[in-house]
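# Overview (structure and organization)
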Amino acid sequence: MQLKEKLIILADSAKYDASCSSSGSMRKNNKGIGNAAFSGICHSFASDGRCISLLKILMTNCCIYDCKYCLNRKSNNIKRATFTPEEICAITINFYKRNYIEGLFLSSGIIKNANYTMELLIKTISLLRNKYHFNGYIHAKAILGADQMLVKKLGLLVDRLSANIELPTSDSLKLLAPNKNQNQVNDIMQYVHDHKDEKFVPSGQSTQMIIGATAESDLQIMQQSEKMYHNYSLKRVFYSAYIPINNDKLLPALKLPPLKREHRLYQADWLLRFYNFKVSDLLDLENPNFNILIDPKANWALKHLELFPKEINTASYHELLQIPGIGEKSAKRIISSRKHFKITFKDLKLMGVVLKRAKYFIICDGKYFANTNLFNKRFIESNLILEDKSPNTHNYQQLSLFNG
Ligand code: SF4
């Protein structure tokens, strides 16, 4: 099989793994080509084949497992291909030199067994680093069930490692991916957490969770994320809306991926990581799922209207962050500007505040944006619903390396 044909198959097979966005690594380049530091890496290809800038491929789409939700599962009748380590190096270096990419995301189906597959990943990345002196960003997927020694070897070669949790609970994993278990994921995450330094997985670890393939609530999903952030200092949990590509009686009968739900989970995840929210602030057993019509922060604020409206000129930084439409940057701008003048609604717009959401929850120099009779849940809620612009499920499209 020609290399180009393999690339088409294995780049296409890799697109379902969402766990490869990356933050910059600070690992320096002392010799060779490429540099992981300041690379500003993202993770997609445009439809004309132009890379935006990680090469995201599988080593092979052959797999001995039969995870129900996966295109590459062994029971699917699809075209299979396998790269040799040298082929991956050749493509990576070639694409890098052409300025298509700044780095590599490498994952793989399982061939023979977990250790054998990990050894192939290690061999490939070792060649890239040591023979081709490639110092660019590399994110690899750790193969669940592989020996700790192999995790250690791989972690010393890459910038970021991800062990994919795949599904929110052990029971779901047992149901849809019976060859995997959460202990295997936890073991890798724990090892990376305990050994991370400037040489071992310097950009930290991430994971991917598929949303909507099983019956868990948003509460269960977010509790799992909160636990992983807390226990293993994960950089990111990636939520991947379940894409209905296989027929199986164990899978839900969805026609389209639950993209809006995925979007709400990302918004809530952001609140956990940067805004000091806890899952218990956002969801509980009585309300275990996010309001699909209103973003989680606005939903929280609506439930706590007794805390609002807040005076912009006196609210603390933490209080400003709780206001829908105010982010970290705008909160900092407000704090520094109000030392010099009284802030008005007009000033807020210039500071990056999303006024169409924030205006319901604030007062500026004693003034509400409208008649204060309008400060009531019904009015605010209906206006927020009208203004919500999150993605709708009819626009779903995967990026492809070789479209057209
Ligand atoms: S291990 Fe499961 S999810 Fe991964 S490639 Fe194989 S079948 Fe797909």
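Residues numbered from 1 in each chain as written. Predicted model: local features only at pLDDT ≥ 70, side-chain atom pairs only at ≥ 80, totals over all residues. Heavy atoms only, no water.

### Remarks on the overall build of the protein chain
Within the protein chain one finds 15 helices and 8 strands. Looking at the protein chain residue by residue over its 404 residues, the buried ones come to 53%. (Helix = DSSP H or I, 4+ residues; strand = E, 2+ residues; numbered from the N terminus. Buried < 20%, exposed > 50% of the residue type's maximum accessible area, 1.4 Å probe, protein only.)

### Let's talk about helix H15 (residues 377–387)
Those residues of H15 lying buried are Ile-380, Asn-383, Leu-384 and Glu-387. End-on, the buried residues of H15 take up no more than an arc of 100 degrees, which puts them together on one face. Opposite the packed face of H15, turned more than 90 degrees from it, sit the exposed residues Arg-378 and Leu-386. (Arc of directions from axis to C-beta.)

### Looking at the packing of aromatic side chains
Going through the model one piece at a time under the given rule, you end up with 12 aromatic pairs. Look at Phe-95 and Tyr-100: their rings are 5.1 Å apart centre to centre, the planes differ by 70 degrees, and that puts the pair in the edge-to-face class. Their ring planes at 90 degrees and their centres at 5.2 Å tell us that Phe-277 and Trp-300 sit as a pair that is edge-to-face. Of this pair, Phe-277 sits in the loop between helix H8 (259–274) and helix H9 (279–282) while Trp-300 sits in helix H10 (residues 296–303); the two residues are 23 residues apart in sequence, bridging distant segments of the chain. The same class applies to Phe-277 and to Trp-300, which are both buried. Through pairs of rings, three or more aromatic residues link up here, namely Tyr-360, Tyr-368, Phe-369, Phe-375 and Phe-379. Here the guanidinium or amino end of Lys-112 rests over the ring plane of Tyr-116, the centre of that ring lying 4.4 Å away. (Phe/Tyr/Trp six-rings, centres within 6.5 Å; stacked < 30°, edge-to-face > 60°. Lys NZ or Arg CZ within 6 Å of the ring centre and 35° of its normal.)

### Overview of the sheet that holds strand S5 (residues 205–211)
Across the sheet, 6 strands lie side by side as S1-S2-S3-S4-S5-S6; this open sheet has parallel pairing. Two strands bound the open sheet, and with one partner strand each, they are strand S1 (54–58) and strand S6 (236–241). Across the sheet, the axes of successive neighbouring strands diverge by a mean angle of 20 degrees, strand direction being ignored. As paired strands, strand S2 (residues 103–107) and strand S3 (residues 137–141) are joined by 4 bridges and run parallel to one another. Opposite Phe-105, over in S3, you have His-139 as the bridge partner. Contacts from helix H2 (residues 85–97) reach S1 and S2 within the one sheet, and its direction differs from that of S1 by about 160 degrees. Each of S5 and S6 is contacted by H8, which is oriented at about 170 degrees to S6, the strand it contacts most. (Pairing = 2+ DSSP bridges. Axes fitted to C-alpha atoms, helices over the stretch in contact; angles between N-to-C directions. Contact = heavy atoms within 4.5 Å.)

### Brief notes about the confidence of the model for the protein chain
Mean pLDDT over the protein chain works out to 88, with 87% of the residues at or above the 70 mark. Taken together, the stretch residues 37–42 has pLDDT below 50 and engages in 16 contacts with residues farther than four places along the chain or on a different chain. Of the regions scoring below 50 in pLDDT, residues 393–404 engages in 29 contacts with residues more than four places distant in sequence or in other chains. (pLDDT = per-residue confidence, 0-100.)

### As for the pattern of salt bridges
With the rule as written, the count across this model stands at 11 salt bridges. Two residues, Lys-68 and Asp-66, come together in a salt bridge whose shortest N-O distance is 3.9 Å. For Lys-68, a relative accessible area of 18% puts it in the buried group. Exposure remark for Asp-66: the relative accessible area of 17% places this residue in the buried category. (Salt bridge = Lys/Arg side-chain N within 4 Å of Asp/Glu carboxyl O.)

### Re the site of the ligand
Surveying the vicinity of the ligand reveals the residues Cys-63, Tyr-65, Cys-67, Cys-70, Arg-73, Gly-109, Ile-110 and Lys-180. Per-class residue counts for the shell around the ligand are 5 nonpolar, 1 polar and 2 charged. (Near = heavy atom within 4 Å. Nonpolar A, V, L, I, M, F, W, Y, C, P; charged D, E, K, R; others polar.)

### Observations concerning helix H3 (residues 114–131)
Between its terminal C-alpha atoms H3 stretches 25 Å, which fits the 26 Å expected from 18 residues at 1.5 Å a residue. Burial in H3 covers these residues: Ala-114, Thr-117, Met-118, Leu-120, Leu-121, Ile-122, Thr-124, Ile-125, Leu-127, Leu-128 and Arg-129. Of the surrounding elements, those touching the buried residues of H3 are H2, S2, S3 and helix H4 (148–155). Count one or two residues on from H3 and you reach His-133, which has phi positive near 50 degrees. (Expected span 1.5 Å × (residues − 1).)

### Overview of the packing of H2 against H3
Axis separation between H2 and H3 bottoms out at 9 Å; the angle between their running directions is 45 degrees. In terms of orientation, H2 and H3 fall into the oblique class. The handedness of the crossing between H2 and H3 is right-handed. Of H3, the residues touching H2 (which contributes Pro-85, Glu-86, Ile-88, Cys-89, Thr-92 and Ile-93) are Leu-120, Lys-123, Thr-124, Leu-127, Leu-128 and Lys-131. Grouping the amino acids of the contact of H2 with H3 by side-chain chemistry returns 7 nonpolar, 2 polar and 3 charged. (Parallel < 35°, antiparallel > 145°, perpendicular 65-115°, else oblique. Left-handed = near helix turned anticlockwise from the far one by under 90°.)

### Quick notes on the environment of Asn-383
You can see Asn-383 is positioned in helix H15. Separated by 23 residues in sequence, Asn-383 and Tyr-360 place their C-alpha atoms 9.3 Å apart. Here the side chain of Asn-383 touches Phe-379 through a polar contact of 2.8 Å, landing on its backbone oxygen. (Polar contact = N/O pair within 3.5 Å; in protein donor to acceptor, adjacent residues only side chain to side chain.)

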